[in-house]
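Survey of secondary and tertiary structure
Read off the chains here:
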Amino acid sequence: MAGAVRVVGGAVSAALAVTGALHAVWAVTPWPLRTPEEFADAVVGTGRGVPPAGACLAVAGALGAASYLVGAEAGVLPAVGAPGLRRSGVRAAAGVLLARGVAGPVVFGRVGERTERFRRLNVRYYSPLCVALGVGAAAVGWRGPSATNC
């Protein structure tokens, strides 16, 4: 079981790090899309363009922290800090990712005013990715090397 947790944790940690880096890039450019308007349509779902740099960097930081916590709890990164606090952080990250993944199609597809392109991408890619990362983080948070059987 520890080997599987390590593999899952490493994959989730890497995916969160890449996603965090992409959010940091979005603080200065709409890449890989060409224009802020195209970015707003595909990634944000509104016509307002790229979100403020501060918002992009805040999400990048949160994803970076989650990446570290999952990797450390899975034993693929050096662990720093109290194990219980680290485990709680992994579980919180799992909860946020699962909530975004499960509620995303409802909140962004029906309640909010989002573009058709965003709704389609959200249902096909964004929400399922959040669910997958949330499940992986949950597996690490409840079965990682430092986890207890509580």
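Check the entry above for the structure.
**Things to note about the overall build of the protein chain**
Regarding its fold elements, the protein chain presents five helices and zero strands. Mapped in sequence order, the helices and strands of the protein chain form the string α-α-α-α-α. Over its C-alpha atoms the protein chain spans a radius of gyration of 16 Å, differing by no more than 12% from the 15 Å that the globule rule assigns to 150 residues. Dimensions of the protein chain, computed from C-alpha atoms along their principal axes, come out at roughly 45 × 30 × 20 Å. Scored against the burial criterion, the 150 residues of the protein chain give a buried share of 35%. In the protein chain, the proportion of contacts linking residues at least 24 apart, taken out of those at least 6 apart, comes to 64%. For the protein chain, the accessible surface area stands at approximately 8,000 Å², while carbon and sulfur atoms represent 69% of it.

**Topic: the layout of surface pockets**
If you add up the space inside the largest pocket, you get close to 970 Å³. What lines the largest pocket is a set of 31 residues, and nearest its centre among them are Thr 19, His 23, Val 59, Leu 63 and Arg 100. Looking at the lining of the largest pocket, the elements with two or more residues in it are α1 (2-25), α2 (36-44), α3 (53-74), α4 (83-111) and α5 (116-143). The greatest single-element share of the lining of the largest pocket, amounting to eight residues, is contributed by α3. For the lining of the largest pocket, the per-class residue count stands at 27 nonpolar, two polar and two charged.

What counts as what
- Residues numbered from 1 in each chain as written.
- Predicted model: local features only at pLDDT ≥ 70, side-chain atom pairs only at ≥ 80, totals over all residues.
- Heavy atoms only, no water.
- Helix = DSSP H or I, 4+ residues; strand = E, 2+ residues; numbered from the N terminus.
- Rg over C-alpha atoms; globule rule 2.2 N^0.38 Å.
- Buried < 20%, exposed > 50% of the residue type's maximum accessible area, 1.4 Å probe, protein only.
- Contact = heavy atoms within 4.5 Å.
- Areas by Shrake-Rupley, 256 points an atom, 1.4 Å probe, with all protein chains shown as cover.
- 1 Å grid on protein atoms, 1.4 Å probe; cavity = no way out; pocket = protein on both sides within 12 Å on 5 of 7 lines; lining within 4 Å.
- Points joined across faces, edges and corners; volume = space filled by probe spheres on them.
- Nonpolar A, V, L, I, M, F, W, Y, C, P; charged D, E, K, R; others polar.

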